[in-house]
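So you can see what is in the structure, the chains are spelled out below.
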Amino acid sequence: VPGNVQAWCDESPTLYRLEATLVQQQRENNTASKDAVVVDTFECKIGFRSIEIRDRQLLINGQPVLIKGVNRHDHSPTGGKAVTLDEIRQDLMLMKEYNFNAIRTAHYPNDPYLYDLADELGLYVVDEANIECHGHYDFICREHSFTAAMLDRVQRMVIRDQNHPSIIGWSLGNEAGFAFNHTMLYGWIKGYDNSRFVQYEGAHRPEWGQDPHNYERKDAGMGTDVVCPMYPTIDEITEWADEIAPRINETRPFIMCEYAHAMGNSSGSLADYWKVIKEKEGLQGGFIWDWIDQGLLEVDADGKSYFAYGGDYGETPNDANFNINGMISPDRKPHPAMIEFKKIAQPVDFSFKLHADRNEFTIRVTNQRYFSSLDDLQWKWTFKMDGFDLEEGTCSFPKLMKPKTEEDAIVSTLKDAFDRHSLDTVIQLGTAEVHLDIAVFCVEGATRQGRIKSVSELQDYPVVASEQFSLCTRSTGIAVHSLPETFHQRPGKQKLSEEDSKFTLSSNCCRATLYEGSTSFEYALDSKTVVFGIRPNLFRAPTDNDAVKQNGDQFNDPSKPLGNWLRLGLDCVCLDEVVTSGSLSSSSITSNATIYGQPGKQSYPGIALAQKLLSSVGEEELNRKVHLGSYKQTIKIDDKGIMYVEVLFDLNESLTDLPRVGIELAVPSELKELMFFADGPGENYSDRSYSSHAGVYEGSISDSSTYVVPQEQSNRMNMRWLVLAEPNGRGKLQVPKFSEDIKSTFRGAVSDRQGAMIASTSDEMPQFTVSRHTDVSLFSARHVKELKDDQDRIFIRIDAAQRGLGSGSCGPQTLDRYKVNGG
């Protein structure tokens, strides 16, 4: 790029106006006249930037920029493929907000307006030709009668879009085999425009078919300048970087054209992918599949709105909800996975080091940008104690910090707060959990002298990065008596009685009742039932990665665990051979039982996978009980009326890849306001928790669904405690801030409310979900409109473990380390 112009890039998309005039020179007596007639004028915005590929790197303006991309289809919930300009702008603005820097126009060139916006906002584009042929995968690439049509589509795309600086590469299409028609297309593009790279995923498939990628295919370089597979595993990309690429002297970078299939509650292991990408030479990112759920807004006869998908219009064949696979909903609301990606792709990272004397610490800042300093950013810090905000303030980044460098931050304000609250002593004694939260704001264009000084001034600016450091964990698990007293805790003498095969534990105003032969109990406060039963729970409403429930053919797919879960009867477990005993000395009731699954006990009309499985197995298999293991439950009540529940599972070692291991209990539907100390604020799972921060959060229980197709959702990891409360007419339950007296702060938040509190007392913190629907109800529904409140109850699911998410609807399944097994 010439030194007297500013280069265009995603961080600073500098554009210049190009004006061109076509004139006709007048001639008199064969001599050119000084006068000229303007025939036509043209102007457009252009940018200057360079694209190179060498040493296994894609270099943009000389820098190996990581491609943090997404595949985008045109889609409108009301217009289908007829998108408005406003919807295109919404898409690109959201991409920038969530730290994406690249788009693949899957699988066709887009409206010119998209490229204009990408030029303006700073988004790299791989422009893809409208060539795809799943049904004749190996045919048109070898058929001479298609050559002219394929060339015509590529030429029109390149010639129309060539002046956009945002376009860094051309794609020959998608999943259409690879043969001489493609090498012809590649040759034409390189002859016409050698300033950009060309990519095509099929060049690394076997000569015939779509078997696994062959990264050593000799003629692949005749069709693609980058190695761009779809849905490789983490082990596969690691092997390419460590072994294959060095051995074959590969010079091209590895940029996944599709990965992390985002269908439903998905995108597990995104952080695991990016850990390897950032560590390994030659790995340079990729494009998530895909951007938006392609559902169409409809209203049923009862006036309920919902998003329709394949089969809802009576058409056959159809792919059911397979196109509901985006990072955002059809009405462009970000799914939780967007927050995970935003954290992964953030432009600045932090590290924290607490020195040996525990009274000094260092915060190191890494500028992850390639072309810019961090002068347009400012960060806020917050100290938290036991999840509550203690104090906050602002800090600035080092001035003119060079790209891809590290420096120590000036943290005098943090150190003052650290000393003021004696956090060194808290950390040394382990008397509380202490966290440091960091939020980074973009303050570019702010009218200010120097830096913004107050936290309140920052709140109006967008957050571009975040971090949390755990400075201290409790030396032991949470002791219930160390928690604030809430609701109806009053001292009283414990009592145990047994009458008519019924055990009753009581203490003053509290009472737990359990019938012999059962493990389910009711817990009441002042004669009002607060807990309606408890049961072991080994099932979850399947995600699309567990199996697409409307795809009957997946009932016997060994890569999808749902079929096996139903064969084991995990959706309807029962306890048999129950032995119950009470102990007055320990004020406890203990039940021992055997857990059985009951396959076929539940019916799922309209759910193709369940129906196909039920029709494929014999009646004998359906009517049997499947032995799963043993179950032991002990309940106690202390002299304050606090009930303790201890549950022990001993599941068969033969049980592998289970959905979860935990319990489910029900509480009155009036307890619809939440406050909890766990990882949040949004949902998180074992393989999608990189962006989650421990803290105390508030919320309400939704009667809707985050996803178009109802499925598992709203899990939170590492629960310390959970409060459910009734509204009191004074506004919603809100988390108080900035008090060292956590107990009084907490009491103030829940005072004058009816409710219940659940706390973990073990060192291993459980996961929890709160829902108006059972897992069976969620599994039975094809659309959100079909969900109805179950039994006027709210269901709390508390798990020792739950299966991760993976991206197995079209790609790698959940990694082994995130699976749940018996034994």
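See the structure printed just above.
Read on for an overview of the structure. (Residues numbered from 1 in each chain as written. Predicted model: local features only at pLDDT ≥ 70, side-chain atom pairs only at ≥ 80, totals over all residues. Heavy atoms only, no water.)

1. Observations regarding the sheet that holds strand β22 (residues 502–507)
Rules: Criterion used throughout: strands pair if DSSP finds at least two bridges between them. Helix and strand definitions follow DSSP, with helices as H or I runs of at least four residues and strands as E runs of at least two, each counted in order from the N terminus. In this description, a line fitted to the C-alpha atoms serves as the axis of each element, helices being fitted only across the stretch in contact, and the angle between N-to-C directions of two axes falls anywhere from 0 to 180 degrees.
Here we have 5 strands laid out as an open sheet, ordered β21-β22-β23-β24-β25, and antiparallel in their pairing. The open sheet terminates on both sides in strands that have one partner only, identified here as β21 (494–499) and β25 (528–532). Strand-to-strand, the axes of this sheet are offset by a mean angle of 20°, without reference to chain direction. As defined by bridge partners, β22 adjoins strand β23 (residues 510–515) across 6 bridges and the pair is classed as antiparallel. Its bridge partner lying in β23, S506 is registered against R511.

2. Focus on the packing of helix α6 (residues 270–279) against helix α7 (residues 336–344)
Short version of the rule: The scheme is simple: roughly parallel for angles under 35 degrees, roughly antiparallel for over 145, roughly perpendicular for 65 to 115, oblique for anything else. Each crossing gets its handedness from the near helix: less than a right angle anticlockwise from the far helix is left-handed, clockwise is right-handed. Any two residues whose heavy atoms approach within 4.5 Å at even a single point are treated as in contact. Ten residues, namely Ala, Val, Leu, Ile, Met, Phe, Trp, Tyr, Cys and Pro, are considered nonpolar, four, namely Asp, Glu, Lys and Arg, are considered charged, and the remaining ones, Gly among them, are considered polar.
With their axes 10 Å apart at the nearest point, α6 and α7 run at an angle of 20° to one another. Put simply, α6 runs roughly parallel to α7. You can see that α6 and α7 cross each other, and the crossing is right-handed. Side by side, α6 and α7 meet where L270, A271, W274 and K278 of the first sit next to A337, E340, F341 and I344 of the second. Classifying every residue of the contact of α6 with α7 gives 6 nonpolar, no polar and 2 charged.

3. Digging into the nonpolar core
The condition that has to hold: Within this scheme, the nonpolar core is defined by two criteria: the residues are buried Ala, Val, Leu, Ile, Met, Phe, Trp, Tyr or Cys, and they are joined through side-chain atoms within 4.5 Å. Burial here depends on accessible area, computed with a 1.4 Å probe over protein chains only, as a share of the maximum for the residue type. Under 20% is buried, over 50% is exposed, and the range in between is partly exposed.
Residues L92 and F100 are the most contacted members of the largest nonpolar core, which totals 88 residues. Filtering out sequence-adjacent residues up to four positions away, L92 remains in contact with I103, L114, L117, A118, L121 and L123. Counting 61 residues, the second largest nonpolar core, distinct from the first, contains L525, A610, M643 and Y697.

4. Digging into helix α2 (residues 112–121)
Stated formally: Contacts described as polar in this section are N or O atom pairs within 3.5 Å, which, within protein, must combine one atom able to donate a hydrogen with one able to accept it, while residues neighboring in sequence count only if both atoms come from side chains.
Listing the buried residues of α2 in full gives L114, Y115, L117, A118, D119 and L121. Against the buried residues of α2 lie α1 (85–97), β7 (124–128), α3 (147–161) and β8 (167–171). The backbone nitrogen of Y113 lies 2.8 Å from a side-chain oxygen of the residue at the head of α2, namely D111. Backbone geometry just downstream of α2 places G122 in the positive-phi region, at approximately 95°.

5. As for the sheet that holds strand β17 (residues 388–396)
Overall, antiparallel pairing links the 4 strands, which are arranged β17-β16-β19-β20 in an open sheet. The open sheet has two free edges, formed respectively by β17 and β20 (463–472), since each of these has just one partner strand. Averaged over neighbouring strand pairs, the angle between their axes works out to 20° when direction is ignored. The sheet contact formed by strand β19 (residues 434–442) and β20 spans 8 bridges and is antiparallel. By the bridge assignment, I438 is partnered in β20 with E467. Helix-sheet contacts for helix α8 (residues 412–420) involve β16 (377–385), β17, β19 and β20, and the interaxial angle to β16 is about 10°.

6. Digging into the pairing of strand β27 (residues 573–583)
As paired strands, β27 and strand β28 (residues 588–597) are joined by 9 bridges and run antiparallel to one another. Paired with L575 across the two strands is I595, which belongs to β28. Turn length for the β27-β28 hairpin, with the two strands adjacent in sequence and antiparallel, is 4 residues, and the turn residue S587 shows positive phi of about 50°.

7. Focus: the packing of aromatic side chains
Keep this limit in mind: Stacked, tilted and edge-to-face are the three classes applied to pairs of Phe, Tyr and Trp rings, where Trp contributes its six-membered ring and a pair requires centres within 6.5 Å; stacked means planes under 30 degrees apart, edge-to-face means over 60, and tilted covers the rest. Here, a charge over a ring is recorded when the distance from Lys NZ or Arg CZ to the ring centre is within 6 Å and its angle to the ring normal is within 35 degrees.
In the structure shown here, the tally under the stated rule is 26 aromatic pairs. On the numbers, 6.4 Å between centres and 65° between planes, the contact of F677 with W721 is edge-to-face. Residue F677 is located in strand β32 (residues 673–680), and its partner W721 is located in strand β34 (residues 721–725); the two are separated by 44 residues in the primary sequence. The burial state of F677 is the same as that of W721; both residues are buried. By the ring-pair criterion, three or more aromatic residues cluster together here, those being F352, F361, W381, F383, F418 and F469. Over the aromatic face of F677 sits the side chain of R720, whose NZ or CZ is 4.5 Å from the ring centroid.

8. Let's talk about the pattern of salt bridges
In plain terms, the rule: Basic side-chain nitrogens of Lys or Arg form a salt bridge, by our definition, when they fall within 4 Å of a carboxyl oxygen of Asp or Glu.
Within this structure, the stated rule accounts for 49 salt bridges. Taking the shortest distance from any N to any O, the salt bridge between E128 and R104 comes out at 2.8 Å. Of this pair, E128 sits in strand β7 while R104 sits in strand β6 (residues 102–104), and the two are 24 residues apart along the sequence. By relative accessible area, which is 0% here, E128 ends up buried.

9. With respect to unusual backbone geometry
A negative phi holds for most residues other than glycine; trans holds for most peptide bonds. Cis peptide bonds are those with omega within 30 degrees of zero, and the linkage from A106 to H107 qualifies with -10°. For H107, the location among the structural elements is in the loop between β6 and α2. You will see that N61, though not glycine, has its phi angle at about 50°, which is positive. With respect to the helices and strands, the residue N61 is situated in the loop between β4 (57–60) and β5 (67–71). Note on N61: relative accessible area 19%, which makes it buried.

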